[in-house]
Number of protein chains: 2
Amino acid sequence: MAQPAPSDRELDILKVLWKLGEARVRDVHETLCQRGQCAFTTVQTFLRIMAEKGLVSQRAKGRTLYYKARYSPQRAAARFLHKVFDGSVDQLVLSMLAAEDTSADELKQLEKLIGEARKKKLKREES
Amino acid sequence: MAQPAPSDRELDILKVLWKLGEARVRDVHETLCQRGQCAFTTVQTFLRIMAEKGLVSQRAKGRTLYYKARYSPQRAAARFLHKVFDGSVDQLVLSMLAAEDTSADELKQLEKLIGEARKKKLKREES
DNA sequence: TAGCCTAAACTAATAAGTTAGTTATAAAGC
DNA sequence: GCTTTATAACTAACTTATTAGTTTAGGCTA
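A.B. asks: Which parts of the structure should I look at to understand the protein's contact with DNA strand C?
C.D. replies: Residues in close proximity to DNA strand C total 21 residues, the closest being Gln44 and Leu65 of chain A together with Ser7, Arg9 and Thr45 of chain B. What you see for DNA strand C is that sugar and phosphate hold 60% of its atoms within 4 Å of the protein. The contact in question runs from a base nitrogen of DNA strand C to an N or O atom on the side chain of threonine 41 of chain B, over 3.2 Å. Threonine 45 of chain B is positioned such that a nitrogen or oxygen atom in its side chain is 2.7 Å from a base nitrogen of DNA strand C. Contributing elements (two or more residues each) for the surface near DNA strand C: α2 (25-32), α3 (40-53) and β2 (64-69) of chain A together with α1 (8-20) and α3 (40-53) of chain B. Considering every element that reaches the surface near DNA strand C, the biggest residue donor is α3 of chain B, with five residues. Broken down by class, the residue content of the surface near DNA strand C amounts to five nonpolar, eight polar and eight charged.

Here it is as structure tokens:
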């Protein structure tokens, strides 16, 4: 079963599941549609379809179904990267930097993050 | 005119335009559908619709129309960032790093890129 | 147990995306 | 001038996304 890429709305629901972990339709609905912008049954339909597609997993606890994301933020990032930048992280990061809305402090933070990840990776490769 | 986000196929076409700069339907078609996977008229229809949406610009040179992207890779990156990670570059980069398919060399390269961007930004902020 | 509540399953309707064929028109060559 | 060719404009069919209503059934309460 090839897991298709989520649509925009599906992504909204996945984001809620990333935050909540395992959740009922009700939980997702309440988090997503605070002011009744969307119906309970809409969320329900989405979760059912997404379960068919393999984007979420479904587990029955008593009579109610609990849903969990089977599509990670990492996957979303990777898919986007391949789709738009043919998999080149450099190009993506350059584009982000060009967008100009990251502060110098954030950049410093990023530099540190990446440096740490690199060192960790080097160590792993040595062993 | 609110410029909507491009769909998947529209993105394929934008990518070609990013590469070619200004191009005719024919050029886009040849680049995109090397083995006749899609019809000339399909590309044509897409470009027409995308022009209506403001995703590309249209310029007549004689009888033929030349198209140019009006939606940059930067915009695509920024939109994605907001959609999936609520605009947090940190989260995105962390996700990328977690994906494990970047080599230590690439990471080093990234670190350098970001460092340079940061210094440039600092200098600009000083002045 | 009869009625109520909740949640799942089913159904449906509209909108948007995707693909490509047909028609019309202008230019280019013979 | 007529035929071919290339391109734009129009049209159409089919698919997928999005939204939500209706029906059904399990469990709870009085």
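A.B. asks: Quick question: what am I supposed to make of the pattern of salt bridges here?
C.D. replies: It is possible for side chains of opposite charge to pair when their charged atoms get near one another. All told, the structure shown has 20 salt bridges over all chains when counted by the stated rule. With a shortest N-O distance of 3.1 Å, arginine 79 of chain A and aspartate 8 of chain B are connected by a salt bridge. Of this pair, arginine 79 of chain A sits in helix α4 (residues 73-85) while aspartate 8 of chain B sits in helix α1, which puts the two residues in different chains. Residue class for aspartate 8 of chain B comes out partly exposed when judged on its relative accessible area of 38%. One salt-bridge network, held together by shared partners, links Arg9 and Asp12 of chain A together with Lys83 of chain B.

A.B. asks: Looking at this structure, I do not really get empty space enclosed by the protein. What am I missing?
C.D. replies: Where empty space is left can be seen by rolling a probe of water-molecule size over the atoms. One pass over the full model with this rule turns up two cavities of 30 Å³ or more. Taken together, Val89, Leu92, Val93, Met96, Leu97, Leu110 and Ile114 of chain A together with Val89, Leu92, Val93, Met96 and Leu110 of chain B form the lining of the largest cavity. For the lining of the largest cavity, the secondary structure elements donating two or more residues are α5 (89-98) and α6 (104-126) of chain A together with α5 (89-98) of chain B. Here the element with the most residues in the lining of the largest cavity is α5 of chain A; it accounts for five residues. Looking at the lining of the largest cavity residue by residue, the class counts come to twelve nonpolar, no polar and no charged.

A.B. asks: Where do I start with the protein's contact with DNA strand D in this structure?
C.D. replies: Close to DNA strand D lie 20 residues; Ser7 and Thr45 of chain A together with Arg26, Gln44 and Leu65 of chain B are nearest. Among the atoms of DNA strand D lying within 4 Å of the protein, the sugar-phosphate backbone contributes 64%. Contact between DNA strand D and alanine 39 of chain A: a phosphate oxygen at 3.1 Å from a main-chain N or O atom of the residue. The set of elements that each furnish at least two residues to the surface near DNA strand D consists of α1 (8-20) and α3 of chain A together with α2 (25-32), α3 and β2 (64-69) of chain B. Residue contributions to the surface near DNA strand D peak at five residues, all from α3 of chain A.

Rules behind the numbers
- Residues numbered from 1 in each chain as written.
- Chains lettered and ligands numbered in written order.
- Predicted model: local features only at pLDDT ≥ 70, side-chain atom pairs only at ≥ 80, totals over all residues.
- Heavy atoms only, no water.
- Near = heavy atom within 4 Å.
- Polar contact = N/O pair within 3.5 Å; in protein donor to acceptor, adjacent residues only side chain to side chain.
- Helix = DSSP H or I, 4+ residues; strand = E, 2+ residues; numbered from the N terminus.
- Nonpolar A, V, L, I, M, F, W, Y, C, P; charged D, E, K, R; others polar.
- Salt bridge = Lys/Arg side-chain N within 4 Å of Asp/Glu carboxyl O.
- Buried < 20%, exposed > 50% of the residue type's maximum accessible area, 1.4 Å probe, protein only.
- 1 Å grid on protein atoms, 1.4 Å probe; cavity = no way out; pocket = protein on both sides within 12 Å on 5 of 7 lines; lining within 4 Å.
- Points joined across faces, edges and corners; volume = space filled by probe spheres on them.

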